[in-house]
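# Structural overview
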Amino acid sequence: MADMKVAAYICQGCGLGERLDTASLAKIAQKEGKAQVVREHPFLCNAEGVAMIRNDIDNEAVTHVMIAACSRRAKTEAFGFTDVAMSRANLREGVIWIRPDDEASRETTQEMAEDYVRMGCAEVKKMKLPEADPAAVTERRVLVVGGGISGMTAALEASRAGYRVVLVEKTGALGGWGARLYKRSPSRSPYADPQDTGVDAMIAAVTSDGNIKVYTNAITSKIEGAPGRFIAEVSTESGATTTETVGSIVQATGFSLYDANNLPELGYGKSANVVDQAGLEALARAANGGAIKRPSDGGDVKTVVFVQCAGQRDETGKHLPYCSGSCCLTSVKQAMYFKDQNPDVDTVVIYTDLRMPGNGEDFYRSGQNKGVTFTKGKVSSVEATGNTCKVNFQDLILNDQTAIENADLVVLATGQVANSGVDVDAKLKAEIAAAAGDNTLLDAWNASQAEGAVKPISVLNLAYRQGPDLPQLKYGFTDSHFICFPYETRRTGIYAAGPVRRPMDIIQATEDATGAALKAIQAIENAALGRAAHPRSGDLSFPKVRIEGCTQCKRCTVECPFGAIDEDEKRYPLFNQSRCRRCGTCMGACPVRVISFENYSVDTVGSQIKAVDVPDEFSEKPRILILACENDAYPALDMAAMNKEVYSAWVRVIPVRCLGSVNTIWITDALNSGYDGVMMLGCKHGEDYQCHFVKGSELASYRMSKVGDTLQGMGLEPERVQVFEAAITDIERLPRLINEYSDQIAALPPSPFKGF
Amino acid sequence: MSIEKYRKNFLKEVEERVEEGQWVKMCMQCGVCAGSCPFGPHWEHTPQKIFMMIRAGKREEVLTSDSMWMCTSCYNCVVRCPRKLPITHIMHGLAYLSKREGLMPKNQPTAQFGQLFWDNLTKNGRVNELKLSLGMYFKDGFSQGIKNAMAMQSVGMGMMKAKRLNPMEILGGHGIKDKSGFSAMLKKAKELEDARRKLA
Ligand code: SF4
Ligand code: SF4
Ligand code: SF4
Ligand code: SF4
């Protein structure tokens, strides 16, 4: 890059000119900020203002632009200069909108603005224009693992969008669960009758599609690489192994039914007349439209009882704790198998709650119309004797312990268990639980490691340092940022689709797989350009390591939430750029600070912290540093400003990519420079986390829990550094929180480090 | 008729013999009717329960319940039922079946009033208000009747002043012209209804 030339632009629009002394801001940019070009403008974001900046870049060789105007989240199109490094001093949302417009506040408001100008200049000088990974390449093929309805849908959708697909199916035939059904629940209006599964047509479409290469009886025995350049070994049962290069992966490995053998109290295994839903589908396929016969003796079926939630929504800890969300639909459909064939067959569905997603309500009504009886109750046991069963249950409406005698067939609605492979965090979770005093997980883990124990089988066999499969979220379902970005897993470029991600029915799985196919395509195209995937989509910066300084402590490797970092043969961290989401957690973790981004680094933030003019201890003007997550907390502060909420003039806010990217050096720097307090605002962590980077805020709060020692070493009060959880909706709460914190800090004696 | 539990026999009977009975199977047991009925806490079974009992085959308990007799036809439940069941009509239909089967609860005031009204009406082809009120007051014996009549005295006087109540009607009152035609009409209507509802 040519010589650095910094230009600072100070806007006077939106009331900035009236509220602030922009001339003195300009002087500060020039004198302290060392900007070579400094211009004030009455309305910077209008065509003329933008043209002025453009002209400076094109004709004055300006390489670094500092815009002191509105929030970096506003006017991104007007100020979208992609060919220069750029910083924004937030004078509108960050200063004039959150301060009262009165004489008494004028001085402190001006001081705030001056600091933000200093910070903006300091930041931009440490920034470089990010250049995409020069090594970016991409293979435009999608690997789909699993050939059921979800997998086939993903393959067909990707193919229709013009991408080639490698489809790997473990069994000898495509179709998965779908192929084992007699019919499916309806997907079309009027949602009244069971409908043809359409699986045969789908299989035909897949096998005749020139874009789709199908392997059956095959597994992915090894996958290495990163988005754009995955190398997958596909091994078939015959022992042959083929290597396929692909750009991204969709895992659609579906579910297994919860094993009904765990439910002897419901008669399973005691009589052939007690079946699970898969068993009933088999009977219906065999009958193929004729009357379904009693399995024990081939007798007529006069009464069928459907037991909902069998081994599900269980509170005893013995069975599945969750609802599979699809088995109610299935029971209605299966009851119709009987009713449509012979309306005189009694079909009773015993449920505690009926879950009918989407247009399932219409299907339920149709079932009622056809005369299926729905009874709210809880089945306690099924006594299977001879050719009939007695179903004992509590009628929850009539509050009656009662029974249905002489049922010819009992169908248990057992649930979906994800086929998600190895739980890569099992040991970690077990250790955390054990540390909290619960040893059950750890015992289970140890037992699973014992000689001869059945080891879970990996699905993907990723050659990642972090383990062979996608991390699991809950109850064994694969990872998903379930709140904001459900397709995203913590392994970039690998998308989970269908019931492996959460329990679901065919309609949902089809939608899910379609979405995952599009995400897979997006990952391929991002990889081609060296751009980040969500949530910093399009970001061209990526972590660079000064490897000579690395002490091989492995913190970055361990803490990266996305498993982006492997180790090379000399045990140095090996960054896979296209796996990286640019969260900066590695940068925050690195104790020797050798990891940085071109436009976001220990220095870009550190220099802002140091640029602030900290008043001396006699001025009674405390200074508080706020490090705010740019995904939630910072936008919430901007919105608070729009609502003209007022907060303290003592604070200086710096947005960070994620609290996970906060390096403790920033805290010590701030305290050493005489700040009186440091406030960190990040997303909720834990089980119902909101963090865009899943683990970032959790790691931050863990790291900060250790800051206490540093504070003690410096002789400072522990409340000088605090982490708060913030959500994007905390528009009123955050200003309040800031004011409370600043009152708390103002009540302490001034920091003894001022003036050093 | 033998009724098996949770099988459809009684539901089938209700579908055939009760007005709007074919709706009972569409109830989704949400309980909105039970929560909407002003009589909720005062009677044996809410409509929700009645419908569940029908599906559970509890014929005797349903037909002897006082619930159908307590219904005031306020239509709150009908307005609110998410499944649009004509609940009020079903309640009346059930009451009719219960009476036909001789299962209605003893000394149920609404049922008693209904009977009085019917007898009063069919006698002369029009309602004799005076006799109907007196019949109602004195249904629980003479002294209770006097008390009831005293309590309602001012209402009665008012009605008389407004010419809404004629004391002379005590002497038998006037009827319609063609009494026998009227009886024949009622008889025919009953026959038709019974045939339609298979109640004969
Ligand atoms: S979908 Fe229905 S049967 Fe299945 S677990 Fe949920 S409530 Fe129970
Ligand atoms: S921690 Fe974040 S920035 Fe660092 S390598 Fe991992 S994903 Fe990329
Ligand atoms: S409101 Fe309607 S659907 Fe709900 S319980 Fe009553 S009758 Fe049934
Ligand atoms: S119409 Fe009858 S059952 Fe319905 S809310 Fe009114 S009183 Fe209750």
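Computed from a predicted structure; not experimentally measured.

About the criteria used
Residues numbered from 1 in each chain as written. Chains lettered and ligands numbered in written order. Predicted model: local features only at pLDDT ≥ 70, side-chain atom pairs only at ≥ 80, totals over all residues. Heavy atoms only, no water. Helix = DSSP H or I, 4+ residues; strand = E, 2+ residues; numbered from the N terminus. Buried < 20%, exposed > 50% of the residue type's maximum accessible area, 1.4 Å probe, protein only. Contact = heavy atoms within 4.5 Å. Areas by Shrake-Rupley, 256 points an atom, 1.4 Å probe, with all protein chains shown as cover. Pairing = 2+ DSSP bridges. Axes fitted to C-alpha atoms, helices over the stretch in contact; angles between N-to-C directions. Right-handed = clockwise from strand over helix to strand, strands pointing away. Salt bridge = Lys/Arg side-chain N within 4 Å of Asp/Glu carboxyl O. Buried area = accessible area lost by both parts, 1.4 Å probe. Nonpolar A, V, L, I, M, F, W, Y, C, P; charged D, E, K, R; others polar. Near = heavy atom within 4 Å. Core = buried A, V, L, I, M, F, W, Y, C linked by side-chain atoms within 4.5 Å. Domains from an automatic or database assignment. Phe/Tyr/Trp six-rings, centres within 6.5 Å; stacked < 30°, edge-to-face > 60°. Parallel < 35°, antiparallel > 145°, perpendicular 65-115°, else oblique. Left-handed = near helix turned anticlockwise from the far one by under 90°. Polar contact = N/O pair within 3.5 Å; in protein donor to acceptor, adjacent residues only side chain to side chain.

The next point concerns the overall build of chain B. Secondary structure assignment for chain B yields 12 helices and zero strands. The order of helices and strands in chain B, counted from the N terminus, is α-α-α-α-α-α-α-α-α-α-α-α. On the principal axes, the C-alpha backbone points of chain B span a range of 55 × 40 × 30 Å. Residues counted as buried form 40% of the 200 residues belonging to chain B. By sequence separation, contacts in chain B at least 24 residues apart represent 65% of the contacts at least 6 residues apart. In the structure as shown, chain B presents an accessible area of about 11,300 Å², 59% of it carried by carbon and sulfur atoms.

The next thing to look at is the sheet that holds strand 4 (residues 85-90) of chain A. The strands making up a sheet are joined through hydrogen bonds of the backbone, oriented either antiparallel or parallel. Residue and element names in this part refer to chain A. One open sheet accounts for four strands, arranged 2-1-3-4; its pairing is parallel. Of all the strands in the sheet, just strand 2 (37-41) and strand 4 have a single pairing partner and so form its edges. The average undirected angle you get between the axes of adjacent strands in this sheet is 15°. The pairing of strand 3 (residues 64-69) with strand 4 spans six bridges and is parallel. In the sheet register, valine 65 faces strand 4, and the bridge partner there is methionine 86.

All names here are of chain A. For strand 14 (residues 303-307), a buried count of five out of five residues is recorded, marking the element as mostly surrounded by other parts of the structure. Side chains Thr303, Val305 and Val307 project from strand 14 onto one buried face, and the interleaved Val304 and Phe306 project onto a second face that is buried too. Here five bridges tie strand 14 to strand 15 (residues 346-351), and the two strands are oriented parallel to one another. Looking across to strand 15, one finds that threonine 303 is bridged to aspartate 346. Handedness of the crossover is the feature at issue here: the chain leaves strand 14, passes through helix 8 (residues 327-341), returns alongside strand 15, and the resulting connection is right-handed. As defined by bridge partners, strand 14 adjoins strand 19 (residues 409-412) across four bridges and the pair is classed as parallel. The residue of strand 19 that forms the bridge with valine 305 is valine 410.

All names here are of chain A. Burial runs high along helix 17 (residues 664-672): seven of the nine residues are buried. Within the span of helix 17, buried status applies to Ile665, Trp666, Ile667, Thr668, Asp669, Ala670 and Leu671. With its phi angle positive at about 95°, glycine 674 sits one or two positions after the end of helix 17.

This next bit is on the pattern of salt bridges. Residue and element names in this part refer to chain A. A complete count under the given rule lists 64 salt bridges over all chains for this structure. Between aspartate 638 and arginine 73 there is a salt bridge, with its nearest N and O atoms 3.6 Å apart. Of this pair, aspartate 638 sits in helix 16 (residues 633-642) while arginine 73 sits in the loop between strand 3 and strand 4, and the two are 565 residues apart along the sequence. For aspartate 638, a relative accessible area of 2% puts it in the buried group. The closest approach of N and O atoms between glutamate 139 and arginine 141, which form a salt bridge, is 3.7 Å. Three or more residues joined by partner-sharing salt bridges are found here, namely Glu32, Glu107, Glu111, Glu114, Asp115, Arg118, Lys621, Arg623 and Arg652.

Across the contact, 26 residues belong to chain A and 18 residues belong to chain B. Interface of chain A and chain B: buried area, both sides summed, is about 1,900 Å²; carbon and sulfur atoms make up 49% of it. When residues of chain A are sorted by the area they lose upon contact with chain B, Gln368(A), Ile397(A) and Leu398(A) head the list and together hold 30% of the total. The closest approach of N and O atoms between Lys58(B) and Asp400(A), which form a salt bridge, is 2.4 Å. Every element with two or more residues in the side of chain A that touches chain B is listed here: strand 15, helix 9 (360-369), strand 16 (373-385), strand 17 (388-395) and strand 18 (400-407) of chain A. In terms of residue class, the side of chain A that touches chain B is made up of 10 nonpolar, eight polar and eight charged.

With that settled, consider the site of ligand 4. In the neighbourhood of ligand 4, the contacting residues comprise Cys37(B), Pro38(B), Trp43(B), Pro47(B), Cys71(B), Thr72(B), Ser73(B), Cys74(B), Tyr75(B), Asn76(B), Cys77(B) and Thr88(B). In terms of residue class, the shell around ligand 4 is built from eight nonpolar, four polar and no charged.

A word on the nonpolar core. Nonpolar side chains in soluble globular proteins generally cluster together in the buried interior. Residues and elements named next belong to chain A. Grouped together as the largest cluster of nonpolar side chains are 115 residues, with contacts concentrated most on Leu91, Leu627, Trp666, Ile667 and Leu681. For this core, the leading source of residues is helix 4 (residues 103-126), giving seven residues. If you count residues domain by domain, this core takes at least three from each of domain 1 (1-129) and domain 5 (614-756). Aside from chain neighbours lying at most four places away, what touches leucine 91 is Leu16, Leu20, Leu25, Ala68, Ala69, Ile96, Ala113, Tyr116 and Val117.

By convention here, two paired aromatic rings are described through the distance between centres and the angle between planes. All chains considered together, the criterion is met by 12 aromatic pairs over all chains. Note on Tyr322(A) and Phe477(A): the rings are 5.2 Å apart at their centroids and 75° apart in plane angle, and the pair reads as edge-to-face. You can see Tyr322(A) sitting in the loop between strand 14 and helix 8 and its partner Phe477(A) sitting in strand 22 (residues 477-478), a full 155 residues away along the chain. Accessibility assignment for this pair places Tyr322(A) and Phe477(A) in one class, buried. Each ring, one from Phe39(B) and one from Trp43(B), has its centre 6.5 Å from the other, and the planes form 35°; the classification is tilted. Look at Phe39(B) and you get partly exposed, because its relative accessible area is 23%.

Here the focus is the side chain of His481(A). Residue and element names in this part refer to chain A. Position of histidine 481 relative to the elements: it lies in the loop between strand 22 and strand 23 (494-496). In this structure histidine 481 comes out as buried when scored by relative accessible area, which is 2%. Setting aside chain neighbours within four positions, we find histidine 481 in contact with Pro486, Glu488, Tyr689, Gln690, Cys691, His692 and Val694.

Turning to the sheet that holds strand 11 (residues 248-251) of chain A, a few remarks are in order. All names here are of chain A. With respect to topology, five strands assemble into an open sheet ordered 7-6-5-11-23, the strand pairing being parallel. Looking at the sheet topology across the chains shown, the edges are occupied by strand 7 (212-215) and strand 23. For this sheet, the mean angle separating the axes of adjacent strands, direction not counted, is 20°. Here helix 12 (residues 506-529) sits on the sheet and contacts strand 5 (141-145), strand 11 and strand 23; the angle it forms with strand 11, its principal contact strand, is near 165°.

The subject of this paragraph is the pairing of strand 29 (residues 651-656) of chain A. Residues and elements named next belong to chain A. Counting buried positions along strand 29 yields six of six residues, so the element is predominantly enclosed. Neither face of strand 29 is exposed, since Val651, Val653 and Pro655 on one face and Arg652, Ile654 and Val656 on the opposite face are all buried. Where strand 28 (residues 624-629) meets strand 29, six bridges bridge the pair, whose relative direction is parallel. Looking across to strand 29, one finds that isoleucine 626 is bridged to valine 653. Between the parallel elements strand 28 and strand 29, the chain passes through helix 16 in a crossover that is right-handed.

Residue and element names in this part refer to chain A. Interhelical geometry of helix 17 versus helix 19 (residues 707-714) gives an angle of 25° and a closest axis separation of 11 Å. By the angle between their directions, the pair helix 17 and helix 19 is classed as roughly parallel. Helix 17 and helix 19 meet at a crossing whose hand is right-handed. Residues Thr664, Ile667, Thr668, Leu671 and Asn672 of helix 17 form the contact with helix 19, whose participating residues are Val707, Thr710, Leu711 and Met714. Here the contact of helix 17 with helix 19 is composed, by residue class, of five nonpolar, four polar and no charged.

Residues and elements named next belong to chain A. Residue proline 190 is reached from serine 189 by a cis peptide bond, and omega for that bond is 5°. In this fold, proline 190 is placed in the loop between strand 6 (164-168) and helix 6 (199-207). The phi angle at lysine 34 is positive, at roughly 55°, despite the residue not being glycine. Along the chain, lysine 34 turns up in the loop between helix 2 (22-31) and strand 2. Under the relative-accessibility criterion, lysine 34 is labelled exposed at 54%.

Next up on the list: the side chain of Ser326(A). Residues and elements named next belong to chain A. Relative to the helices and strands, serine 326 resides in the loop between strand 14 and helix 8. The class of serine 326 is buried, set by a relative accessible area of 9%. Side-chain polar atoms of serine 326 contact the side chain of glutamine 416, separated by 3.1 Å. Contacts of serine 326, omitting those with residues within four sequence positions, involve Gln416, Met504 and Asp505.

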